[in-house]
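Below are the chains, spelled out letter by letter.
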Amino acid sequence: NLTPELIEEGFVRELVSKIQTMRKEAGFEVTDHIVVCENGNDKIRAIMADNADVIKRDVLADDVVFDTEKGYSKEWNINGENVHLSVEKR
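Since this is a predicted model, take the numbers as computed values, not measurements.

So, how was this worked out
- Residues numbered from 1 in each chain as written.
- Predicted model: local features only at pLDDT ≥ 70, side-chain atom pairs only at ≥ 80, totals over all residues.
- Heavy atoms only, no water.
- Helix = DSSP H or I, 4+ residues; strand = E, 2+ residues; numbered from the N terminus.
- Polar contact = N/O pair within 3.5 Å; in protein donor to acceptor, adjacent residues only side chain to side chain.
- Contact = heavy atoms within 4.5 Å.
- Core = buried A, V, L, I, M, F, W, Y, C linked by side-chain atoms within 4.5 Å.
- Buried < 20%, exposed > 50% of the residue type's maximum accessible area, 1.4 Å probe, protein only.
- Patch = residues over 30% accessible without salt bridge, like charges linked within 9 Å, V, L, I, M, F, W, Y side chains within 5 Å.
- Areas by Shrake-Rupley, 256 points an atom, 1.4 Å probe, with all protein chains shown as cover.
- Salt bridge = Lys/Arg side-chain N within 4 Å of Asp/Glu carboxyl O.
- Axes fitted to C-alpha atoms, helices over the stretch in contact; angles between N-to-C directions.
- Parallel < 35°, antiparallel > 145°, perpendicular 65-115°, else oblique.
- Nonpolar A, V, L, I, M, F, W, Y, C, P; charged D, E, K, R; others polar.

1. Regarding the environment of Ala26
Now for step 1: With respect to the helices and strands, the residue Ala26 is situated in the loop between helix 1 (4-25) and strand 1 (34-39).
Now for step 2: Expressed as a C-alpha distance, the spacing of Ala26 and Glu88, which sit 62 residues apart in the sequence, is 8.7 Å.

2. Re the side chain of Asp32
Now for step 1: Residue placement: Asp32 occurs in the loop between helix 1 and strand 1.
Now for step 2: A distance of 2.7 Å separates a polar atom in the side chain of Asp32 from the backbone nitrogen of Glu29.
Now for step 3: Setting aside anything within four residues of it in sequence, one finds Asp32 in contact with Arg23, Leu60 and Lys89.

3. Notes on the nonpolar core
Now for step 1: Ranked by size, the top nonpolar core spans 21 residues in total, and within it Val36 and Leu85 carry the most contacts.
Now for step 2: Every element with two or more residues in this core is listed here: helix 1, strand 1, helix 2 (42-50), helix 3 (52-59), strand 2 (61-66), strand 3 (72-78) and strand 4 (81-89).
Now for step 3: The biggest single contributor to this core is helix 1, with six residues.
Now for step 4: Excluding its chain neighbours within four sequence positions, the residues that come into contact with Leu85 are Leu15, Lys18, Ile19, Met22, Cys37, Glu38, Met48, Tyr72, Ser73, Lys74, Trp76 and Ile78.

4. So, a nonpolar patch on the surface
Now for step 1: Together, Leu2, Leu6 and Ile7 make up a nonpolar patch on the protein surface, roughly 300 Å² of accessible area in all.
Now for step 2: Turning to its location among the elements, Leu2 is positioned in the segment before helix 1.

5. Remarks on the packing of helix 1 against helix 2
Now for step 1: One way to put it is that helix 1 packs onto helix 2 with a least axis distance of 10 Å and a crossing angle of 90°. Classified by the interaxial angle, the pair formed by helix 1 and helix 2 is roughly perpendicular. Facing helix 1, whose interface residues are Glu8, Phe11, Val12 and Leu15, helix 2 presents Lys43, Ile44, Ile47, Met48 and Asp50.
Now for step 2: Of the residues belonging to the contact of helix 1 with helix 2, the class tally is six nonpolar, no polar and three charged.

Written as C-alpha cells, this is what we have:
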C-alpha cells in the first residue's frame, strides 16, 4: 500500500531529480551552491517546505524560495502536478 508518507517521499525524490537535471542543464559545477525556487503549485510548495532540509542537502541549495522564479527556470509535471522550478547560482 502507498501510504501518504511514501507518496510524499516519491515527490521529494522526483523534485531532487528534476533540480539536479536543471543544475546540469544550467551548466553549474557540482560544487556550486544554489537557490531553488518554486512557483505555481500549492501541493508541491507544501512538500518542498516540509522537506526543505532534505532537498537542500541533496542538491547543495542554500535556500528554497516560494512564489518566485530566478535564474534558470523550467516547467515540470511531477506525478501529475504542474510546477515551475528554477535554480540560481548562489
